[in-house]
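Secondary and tertiary structure notes
Take a look at the letters that make up each chain.
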4 protein chains.
Amino acid sequence: MTETYQSALIVGAGSGLSASVARAFAQAGMKIALAARTFDKLGPLAKETNAQTYACDASKRDQVDKLFAALDAAGAPDVVVYNASYRTRGPFLELDPVEVEKAIIVSAFAGFLVAQAAVKRMLPQGRGAMLFTGASASIKGYAQSAPFAMGKFALRGLAQSMARELAPQGIHVAHFVIDGGIRSARRPVPADKPDSLLDPDAIAQTYLHVLQQPRSAWTHEVELRPWVEKF
Amino acid sequence: MTETYQSALIVGAGSGLSASVARAFAQAGMKIALAARTFDKLGPLAKETNAQTYACDASKRDQVDKLFAALDAAGAPDVVVYNASYRTRGPFLELDPVEVEKAIIVSAFAGFLVAQAAVKRMLPQGRGAMLFTGASASIKGYAQSAPFAMGKFALRGLAQSMARELAPQGIHVAHFVIDGGIRSARRPVPADKPDSLLDPDAIAQTYLHVLQQPRSAWTHEVELRPWVEKF
Amino acid sequence: MTETYQSALIVGAGSGLSASVARAFAQAGMKIALAARTFDKLGPLAKETNAQTYACDASKRDQVDKLFAALDAAGAPDVVVYNASYRTRGPFLELDPVEVEKAIIVSAFAGFLVAQAAVKRMLPQGRGAMLFTGASASIKGYAQSAPFAMGKFALRGLAQSMARELAPQGIHVAHFVIDGGIRSARRPVPADKPDSLLDPDAIAQTYLHVLQQPRSAWTHEVELRPWVEKF
Amino acid sequence: MTETYQSALIVGAGSGLSASVARAFAQAGMKIALAARTFDKLGPLAKETNAQTYACDASKRDQVDKLFAALDAAGAPDVVVYNASYRTRGPFLELDPVEVEKAIIVSAFAGFLVAQAAVKRMLPQGRGAMLFTGASASIKGYAQSAPFAMGKFALRGLAQSMARELAPQGIHVAHFVIDGGIRSARRPVPADKPDSLLDPDAIAQTYLHVLQQPRSAWTHEVELRPWVEKF
């Protein structure tokens, strides 16, 4: 009854969250593929998770096509995680339009390109999972942060439209609202505020859980935040 | 890092979802207590999950107090699931105000009574989990169904207020938006529409997952629906 | 094309917002009826708006029935504003269940009683308007304020259910999310923060505007807040 | 106390809604400027509303800059309505990425460009209004309609971020959720379903009302739909 997926592609693989997701999925038995704009830093993770790595600027259609063509050879992934985003922030009048456009394109349009290529492989099988990483900015537009809100709102709109169309065709589309900072080597948890940043391994466990849900009880949206986070 | 809870109280234990939750929690090693207005039908489930059963009309404060006093003897539960509700529906002008009030009281006010008694035991420990079962009516008021919407909206308001206040004190408050019908003996899944009703065992697995989340990455709200459900 | 209503009943008439609504509606040519639990303070407003006053505890069905029976003599109102609410707040464990129940009953259940009596008169005419006053607590459950959230969430659920059922029958159901404090004699606007509290007369103008909307473009929900209010 | 604006720029002026807004604003005494990609069809409206017309592809930064530079000569508008959008729809796999990108850019990024140029003129005055036209797709991603959802969700994120930052600086930012079809010469109201399409003149009255709100009681978001529209 539980879904069992075989292989996962993680796009935007350079982040700490992606690393945790890769580890959790690998440990659950999935074959892992990692894609990022530059993959020179993916080496250790690739080794640890026995993953293939791919260079891909997901905002370029031809690069996305090439990525999936390369994956096809070994069997297309039945799970794809879209985890890339770009943000710029500051007073509204100081926002650079070039950066704003990039925030929208990378955070949302590239997600569409990846999703369309992924679903093209999944639909003939009548199964597959497409996971999108959102943020608090997905549901609330913050001051001095319009570009990220635009990108993340758009990504949520994409996820909802896909779910309404594709869930009845067997594709599990899920959107994760990550509400809070994620801890990392550069951003350690303050000693006096234990667990006040999201542990990426913990987030990854919820991604994995959603993957394991049988289709009679699918989650489309789930929010995650540290216990002390204001919301 | 993963939370490990010891004992769970399930209020509104007569439903199929409650039975599945009881089984899943028992299998995960928790001691189970079952409460319902009438517990004569709880026998088989109690036996199966090695649970204590309690008669309790959760809309009556004295009965809730008595229930928790009885539980205190053996150690108060560190997990409480509020799973009771009452609904009446029909054309707006035909709704019986007595039934409408009952829908609000049972679906929401009783949830408050149970939650307050539960949290009273949890706060001194600095940990515990309070889970509320919502419905699509929690976020959308449907025609001819104002009473259920009123009850379920109110329960969601309770859950949010509790989470904002109590999460930073160690209490994990979660609200589940169950969007779709739940399959049961009386409501079997149509043969031509596989998995079109929620499997209560599948829902229970997500309840269990939320319980297992470490406090650095807690879910407050999660929705669950069958793959073919319109939303 | 614009709706023209003849007479308005305002329930919970003792508040500053109700007074402003009464004045705005009277000025627009409507006959006004004012209802409150105690109407001894309604004298000046009644005189100013040439209104009839009625004592009514809207949480009691018989009193609501009596109120509308009294109104029927002179012609039932084609606009009803439900503006009553009750709140209690404090740390979750210190909330008095009696007060919590009262918050839910007054803020939501009484709204149902009034709405049902009102709609009973409107439906045969195929027209009418039912306005509900909400708050930021209608859409966000704040810490230490579960009772108000429960009441206001429930009222919003009622308004939505009514709109979905009754709008196609000609009843305009609107819900106003008042997000911020309302200025009053006891709560004046700080001199150094101009317009930082909602002017009730300004709110009333939006209520009036919604009433004037033709049925081809009805608003169901509208939010109002001071320019400097955080949200 | 009521805001009085002097001049309004309407971007995306070719639509029926824009025409109605132009007429309503002109009738309220505002000077009107109309901008559209091609303005050859704007003649009659320009004449009727005594408006200046401008050709501008709002998705091009230089064209937006040029538009506002032209407007500066006669005095920058204190009201700007962003009313342009682009959509494409169809089965997810058949969506043309070029069209998808265009939908996002025109519906949202161009809105940013216009808003930034507009706010640059408004902020030094400490007042102004920026109105965005949304749709049901702004809050719900429909099947086979991901591109429009992406664009409209993004526009809503922009509007929220702007409101949170700029409202306390005197800029009224409002987002209108237009939920339903708008009647037009090409899309007349069915005789057997009176008022089942939004009358653009009625929508425009609500835009005008929002403009007239004093800053103590501003609306940020308002939804509008025909009485018989499902939601």
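About the cut-offs
Residues numbered from 1 in each chain as written. Chains lettered and ligands numbered in written order. Predicted model: local features only at pLDDT ≥ 70, side-chain atom pairs only at ≥ 80, totals over all residues. Heavy atoms only, no water. Contact = heavy atoms within 4.5 Å. Salt bridge = Lys/Arg side-chain N within 4 Å of Asp/Glu carboxyl O. Polar contact = N/O pair within 3.5 Å; in protein donor to acceptor, adjacent residues only side chain to side chain. Helix = DSSP H or I, 4+ residues; strand = E, 2+ residues; numbered from the N terminus. Nonpolar A, V, L, I, M, F, W, Y, C, P; charged D, E, K, R; others polar. Buried < 20%, exposed > 50% of the residue type's maximum accessible area, 1.4 Å probe, protein only. Expected span 1.5 Å × (residues − 1). Least-squares fit on C-alpha atoms with pLDDT ≥ 70 in both. Axes fitted to C-alpha atoms, helices over the stretch in contact; angles between N-to-C directions. Parallel < 35°, antiparallel > 145°, perpendicular 65-115°, else oblique. Left-handed = near helix turned anticlockwise from the far one by under 90°. Bend = angle between axes of the 7 residues up to and from the residue. pLDDT = per-residue confidence, 0-100. Lys, Arg positive; Asp, Glu negative; His and termini not counted.

1. Structural notes on the interface of chain A and chain D
- At the junction of the two partners, chain A supplies 43 residues and chain D supplies 43 residues.
- The interface formed by chain A and chain D holds zero salt bridges in total.
- Between the two partners, chain A and chain D, sit 16 residue pairs in polar contact (both at pLDDT 80 or more).
- Breaking the side of chain A that touches chain D down by element, the ones donating at least two residues are α4 (97-122) and α5 (146-166) of chain A.
- For the side of chain A that touches chain D, the element with the highest residue contribution is α5(A), accounting for 14 residues.
- In the side of chain A that touches chain D, the residues fall into 26 nonpolar, eight polar and nine charged.

2. Section: the side chain of C:S136
Residues and elements named next belong to chain C.
- Among the secondary structure elements, S136 is positioned in the loop between β5 (128-135) and α5 (146-166).
- Given the relative accessible area of 17%, S136 is considered buried.
- Reaching out from S136, the side chain makes a polar contact with the side chain of D179 at a distance of 3.5 Å.
- Discounting chain neighbours no more than four positions away, the residues touching S136 are Y142, V177, I178 and D179.

3. Some remarks on unusual backbone geometry
- In this structure, A:Q144 is a non-glycine residue whose phi angle is positive, near 60 degrees.
- Within the secondary structure, A:Q144 sits in the loop between β5 (128-135) and α5.
- Positive phi is not limited to glycine here, since B:N50 has a value of about 55 degrees.
- Within the secondary structure, B:N50 sits in the loop between α2 (43-49) and β3 (52-55).
- A relative accessible area of 68% means that B:N50 is categorised as exposed.

4. Some points on helix α3 (residues 61-74) of chain C
Residues and elements named next belong to chain C.
- Taking 1.5 Å of rise per residue, 14 residues should cover 20 Å, and α3 covers 21 Å from first to last C-alpha, within 8% of that figure.
- Residues of α3 that are buried make contact with β1 (7-11), β2 (31-36), β3 (52-55), β4 (79-82) and α4 (97-122).
- Of the residues flanking the end of α3, it is G75, one or two places downstream, whose phi is positive at about 105 degrees.

5. Some remarks on the relation of the copies chain A and chain D
- Superposition record for chain A on chain D: RMSD 0.0 Å, screw rotation 180 degrees, translation along axis 0.0 Å. On the angle and the small slide along the axis, the relation comes out as a two-fold axis.
- In this assembly the copies share their binding face: 100% of the residues contributing to the interface of chain A also contribute to that of chain D.

6. As for the packing of α4(A) against helix α4 (residues 97-122) of chain D
- For the pair α4(A) and α4(D), the least separation of the axes is 11 Å and the interaxial angle reads 155 degrees. With respect to α4(D), the axis of α4(A) lies roughly antiparallel. Remark: the crossing between α4(A) and α4(D) carries right-handed chirality. For the pair formed by α4(A) and α4(D), the contact residues are A:P97, A:V100, A:E101, A:I104, A:I105, A:F109, A:F112, A:L113 and A:Q116 on the first element and D:P97, D:V100, D:E101, D:I104, D:I105, D:F109, D:F112, D:L113 and D:Q116 on the second.

7. Re helix α4 (residues 97-122) of chain B
Residue and element names in this part refer to chain B.
- Across its 26 residues, α4 extends 36 Å between first and last C-alpha, which sits within 8% of the 38 Å expected from 1.5 Å per residue.
- Along α4, the largest kink reaches about 40 degrees and is centred on I105.
- Most of α4 is tucked away: 20 of the 26 residues are buried.
- Its side-chain oxygen 2.9 Å from the backbone nitrogen of V98, D96 forms the N-cap of α4.

8. Brief notes about the confidence of the model for chain A
- Residues at a pLDDT of 70 or more form 99% of chain A, whose mean pLDDT is 97.
- At the level of chain-chain contacts, confidence expressed as ipTM amounts to 0.98, with global pTM at 0.98.

9. Focus: the side chain of A:K152
All names here are of chain A.
- Positionally, K152 belongs in helix α5.
- Notably, K152 is buried but unbridged: the nearest opposite-charge side chain belongs to E221, and the N-O separation is 11 Å.
- In contact with K152, not counting residues within four places along its chain, are S85, T133, G134, A135, A137 and S138.

10. Some remarks on the environment of A:A8
All names here are of chain A.
- Relative to the helices and strands, A8 is located in strand β1 (residues 7-11).
- Taking C-alpha positions, A8 is 8.2 Å from A22, a pair spaced 14 residues apart along the chain.
- Every residue in contact with A8, bar those within four places of it in the chain, is listed here: F25, M30, K31, I32, A33, P77 and V79.

11. A short note on the pattern of salt bridges
- One pass over the structure, following the stated rule, counts 32 salt bridges over all chains.
- Note that D:R215 is salt-bridged to C:D195, the shortest N-O span being 2.7 Å. One end of the pair, D:R215, is in the loop between α6 (200-212) and β7 (221-224); the other, C:D195, is in the loop between β6 (171-178) and α6 (200-212), on a second chain.
- Residue D:R215 is classed as partly exposed on the basis of its relative accessible area of 26%.
- Notably, a salt bridge pairs D:D78 with D:R127, separated by 3.6 Å at the nearest N-O pair. Of this pair, D:D78 sits in the loop between α3 (61-74) and β4 (79-82) while D:R127 sits in the loop between α4 and β5 (128-135), placing them 49 residues apart in sequence.

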